Amino acid sequence: LSQTLFDFGQTFAAIRAAQARTDSLEADADATRQQIVLEVKQSYFGLLAARRLAGVAEETVRSNEQQLALARGRNEVGFAPRLDVSRSEVQLASAELDRLTARNNVSVAEVTLQNALGVDGPLVFELEDVLANPTSVPEAHTALERAYERRPELRSLLAEERAAEQDVAQRWRQLLPTVRGNATYGGSASEFPLEEEWSVGAAVDVPIFDGGLTLSRVSE
């Protein structure tokens, strides 16, 4: 049996470093969760915006169709030149192209939301349009304070910094002595019954020279 009795805090420094790295990994996991939520929200609002713009494009096409019909009617009765009809046709063709682009953007936005949600196939639910709902925007200094308190990436880096500080402390303490307690128990003889043997003692390990390994690890 061998038990370390005193090592000038090397073991506790290693434990604190491990705990700090655990906090860092938990913050990284939190950052991943928040990133997924952010991507879903961005895709959701992107799809809402694409549908709004598609609706505007549809209205523009209908308006230009009415303008073209009016221009043709005025031209037929001699109230408008042929140039007005041609101009309305060009505007309608441009609006139809914009409508096609808007429809394609809706399809892309739907696929983007599906990917963000991890959904295979088309969306099987209706999206609630909340773009018209009022939103409150915090003041700049308030937003910064919240960010410093809640950003998981910053929490992860601070935890890694604490872990590194404990690593340095542990490395320095490797230059100090370590006290160990030892105990043995057994028996020996040429035949039974065995003669019991036991011993109890202590040892002090004093590091003298390690080729600069400890100092290099501290610098690292």
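What comes next is a walk through the structure. Treat the numbers as computed from the prediction; the structure is a model and nothing was measured. (Residues numbered from 1 in each chain as written. Predicted model: local features only at pLDDT ≥ 70, side-chain atom pairs only at ≥ 80, totals over all residues. Heavy atoms only, no water.)

### A word on a nonpolar patch on the surface
Alright, step 1. A cluster of nonpolar side chains, Leu5, Phe6, Phe8 and Leu176, forms an exposed patch at the surface whose accessible area comes to about 370 Å².
Alright, step 2. Within the secondary structure, Phe6 is located in strand β1 (residues 2-6).
Alright, step 3. Assessed through its relative accessible area of 46%, Phe6 is described here as partly exposed. (Patch = residues over 30% accessible without salt bridge, like charges linked within 9 Å, V, L, I, M, F, W, Y side chains within 5 Å. Areas by Shrake-Rupley, 256 points an atom, 1.4 Å probe, with all protein chains shown as cover. Salt bridge = Lys/Arg side-chain N within 4 Å of Asp/Glu carboxyl O. Helix = DSSP H or I, 4+ residues; strand = E, 2+ residues; numbered from the N terminus. Buried < 20%, exposed > 50% of the residue type's maximum accessible area, 1.4 Å probe, protein only.)

### As for the side chain of Arg99
Alright, step 1. With respect to the secondary-structure elements, Arg99 resides in helix α2 (residues 82-117).
Alright, step 2. Residue class for Arg99 comes out buried when judged on its relative accessible area of 19%.
Alright, step 3. In this structure Arg99 touches Ala57, Glu58 and Val61, once residues within four positions along its chain are discounted. (Contact = heavy atoms within 4.5 Å.)

### A few points about the sheet that holds strand β3 (residues 195-205)
Alright, step 1. Taken in spatial order, the 3 strands of this open sheet run β1-β2-β3, and their pairing is antiparallel. Each edge of the sheet is formed by a strand with only one pairing partner; in this case those strands are β1 and β3. Each strand of the sheet is rotated relative to its neighbour by a mean of 20°, with strand direction disregarded.
Alright, step 2. Across 11 bridges, the pairing between strand β2 (residues 178-188) and β3 is antiparallel. What sits directly across from Ala183, in β3, is Val200. (Pairing = 2+ DSSP bridges. Axes fitted to C-alpha atoms, helices over the stretch in contact; angles between N-to-C directions.)

### Remarks on the packing of helix α1 (residues 10-76) against helix α4 (residues 152-173)
Alright, step 1. Two numbers describe how α1 lies on α4: the axes approach to 8 Å, and their chain directions differ by 165°. Judged by the inter-axis angle, α1 sits roughly antiparallel to α4. Crossing geometry of α1 relative to α4 is assigned as left-handed.
Alright, step 2. For the contact of α1 with α4, the per-class residue count stands at 9 nonpolar, 6 polar and 11 charged. (Parallel < 35°, antiparallel > 145°, perpendicular 65-115°, else oblique. Left-handed = near helix turned anticlockwise from the far one by under 90°. Nonpolar A, V, L, I, M, F, W, Y, C, P; charged D, E, K, R; others polar.)

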